[in-house]
Amino acid sequence: MFKSGVGFLALFGLGWWLLATSAFDGTARLVEVVAGGAVTVGLMLAARRLLPSSTEGPFPADRRRRFHQINGLQWLLIAAIAVVCARAGTPVLVPPLVAIVVGLHFLPLAAVFEQPRLRVPAALLVAAGASGLVVWLTDGPDETVRLVVGLVSALSLWGTAVWTVTGAAPSDESDDESDGRERLLR
């Protein structure tokens, strides 16, 4: 599934990064956008090169159905957040609330994919959203809300992608040592 989800993590990380860079203007933003693109491409190339191709066959129907239910609910909530915030005249709240929803969606996905480590980006994205809400509640500028939420969200998704690539990459260690490390990552 897009090389163990690294492609999705990298691309959505880029989306959050672009949100963060919207706090800047001119050359600074251009440099940040290019840097984010480079990180994304680098992660996807690393996944392609280092991660094994899926040999487990198709995703079981019941787990695929659960995955679609979780993602469908996530997108419905995101759409509702966008509509409610727009009507309330508070579009600045969209990113923090979306980060919370996206973070929470990782919790059931951790069970679906049997990847408990997905709880880490779940917690970090919820923290990113909560941090953005705190900035807004303390009358921080909209740019700071976007910067905080976007930066923490991007780094957490990219960090999870790096963790996935480095945790699954072949090494010169003995099988016993790598099996132990793999168990720790789960």
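Please refer to the structure higher up on the page.
**Q** How should the overall build of the protein chain be read in this particular structure?
**A** Summing up its helical and strand segments, the protein chain has 7 helices and 0 strands in all. In the protein chain, the succession of α and β elements from N to C terminus is α-α-α-α-α-α-α. Across the protein chain, contacts joining residues at least 24 apart in sequence account for 70% of those joining residues at least 6 apart. Carbon and sulfur atoms make up 65% of the accessible area of the protein chain, which totals about 10600 Å².

**Q** Just checking my understanding: could you explain a nonpolar patch on the surface for this structure?
**A** Taken together, the side chains of Phe-8, Phe-12 and Trp-75 define a hydrophobic patch exposed on the protein surface, amounting to about 340 Å² of accessible area. Tracing the chain through its elements places Phe-12 in helix α1 (residues 6-21).

**Q** Please explain the packing of helix α3 (residues 61-88) against helix α4 (residues 94-112) as it appears in this structure.
**A** Packed helix pairs are characterised by how far apart their axes lie and by the angle those axes make with each other. Viewed as axis vectors pointing N to C, α3 and α4 meet at an angle of 170°, and their least axial separation amounts to 10 Å. Classified by the interaxial angle, the pair formed by α3 and α4 is roughly antiparallel. Only Val-94, Leu-97, Val-98, Val-101, Val-102, His-105, Pro-108, Leu-109 and Val-112 of α4 make contact with α3, whose side of the interface consists of Arg-63, Arg-66, Phe-67, Ile-70, Asn-71, Gln-74, Leu-77, Ile-78, Ile-81, Ala-82 and Cys-85. In terms of residue class, the contact of α3 with α4 is made up of 15 nonpolar, 3 polar and 2 charged.

**Q** Can you help me understand α3 in this one?
**A** One turn of the α-helix equals 3.6 residues, which is why residues spaced by three or four share an orientation. Relative to the 40 Å expected for 28 residues at 1.5 Å per residue, α3 spans 40 Å between its end C-alpha atoms, a close match to the ideal helical length. Looking only at α3, the buried set comprises Phe-67, Ile-70, Asn-71, Gln-74, Ile-78, Ile-81 and Cys-85. Buried residues along α3 sit in contact with α4.

**Q** Would you explain the nonpolar core in this entry?
**A** Most often, soluble globular proteins keep nonpolar side chains buried together rather than apart. By size, the foremost hydrophobic cluster in this structure holds 36 residues, and its most contacted members are Val-6, Trp-16 and Phe-106. Only α1, α2 (26-50), α3, α4, α5 (119-137) and α6 (142-168) provide two or more residues apiece to this core. With 8 residues, α4 is the largest single contributor of residues to this core.

**Q** Whenever I open this one, the side chain of Ser-153 confuses me. Can you help?
**A** Take Ser-153: it is sitting in helix α6. A relative accessible area of 0% means that Ser-153 is categorised as buried.

**Q** Looking at this structure, I do not really get the packing of α1 against α2. What am I missing?
**A** Taken N-terminus to C-terminus, the directions of α1 and α2 make an angle of 175°; their axes are 9 Å apart at the nearest point. With respect to their mutual orientation, α1 and α2 come out roughly antiparallel. Contacts from Val-6, Gly-7, Ala-10, Leu-11, Leu-14, Trp-17, Leu-18 and Thr-21 of α1 reach α2 at Arg-29, Glu-32, Val-33, Gly-36, Gly-37, Thr-40, Leu-43, Met-44 and Ala-47. In the contact of α1 with α2, the residues fall into 10 nonpolar, 5 polar and 2 charged.

**Q** In this structure, what is going on with the packing of aromatic side chains? I would like to understand it.
**A** Here a ring pair, both rings aromatic, is described through the centre-centre distance and the interplanar angle of the planes. Taken as a whole and assessed by the stated rule, the structure comprises 2 aromatic pairs. Summarising the aromatic geometry, the rings of Trp-17 and Trp-158 are spaced 5.3 Å apart at their centres and angled 40° between planes, so their arrangement reads as tilted. Of this pair, Trp-17 sits in helix α1 while Trp-158 sits in helix α6, placing them 141 residues apart in sequence. Classification of Trp-158 as buried rests on a relative accessible area of 6%. One residue, Arg-117, lies across the ring of Trp-163, its end atom 5.4 Å from the ring centre.

**Q** What's the story with α2 in this structure? I'm lost.
**A** The terminal C-alpha atoms of α2 lie 36 Å apart, and with 25 residues this matches the ideal 36 Å at 1.5 Å per residue to within 8%. Residues of α2 that are buried include every one of Gly-36, Thr-40, Leu-43 and Ala-47, and no others.

Parameters at a glance
- Residues numbered from 1 in each chain as written.
- Predicted model: local features only at pLDDT ≥ 70, side-chain atom pairs only at ≥ 80, totals over all residues.
- Heavy atoms only, no water.
- Helix = DSSP H or I, 4+ residues; strand = E, 2+ residues; numbered from the N terminus.
- Contact = heavy atoms within 4.5 Å.
- Areas by Shrake-Rupley, 256 points an atom, 1.4 Å probe, with all protein chains shown as cover.
- Patch = residues over 30% accessible without salt bridge, like charges linked within 9 Å, V, L, I, M, F, W, Y side chains within 5 Å.
- Salt bridge = Lys/Arg side-chain N within 4 Å of Asp/Glu carboxyl O.
- Axes fitted to C-alpha atoms, helices over the stretch in contact; angles between N-to-C directions.
- Parallel < 35°, antiparallel > 145°, perpendicular 65-115°, else oblique.
- Nonpolar A, V, L, I, M, F, W, Y, C, P; charged D, E, K, R; others polar.
- Expected span 1.5 Å × (residues − 1).
- Buried < 20%, exposed > 50% of the residue type's maximum accessible area, 1.4 Å probe, protein only.
- Core = buried A, V, L, I, M, F, W, Y, C linked by side-chain atoms within 4.5 Å.
- Phe/Tyr/Trp six-rings, centres within 6.5 Å; stacked < 30°, edge-to-face > 60°.
- Lys NZ or Arg CZ within 6 Å of the ring centre and 35° of its normal.

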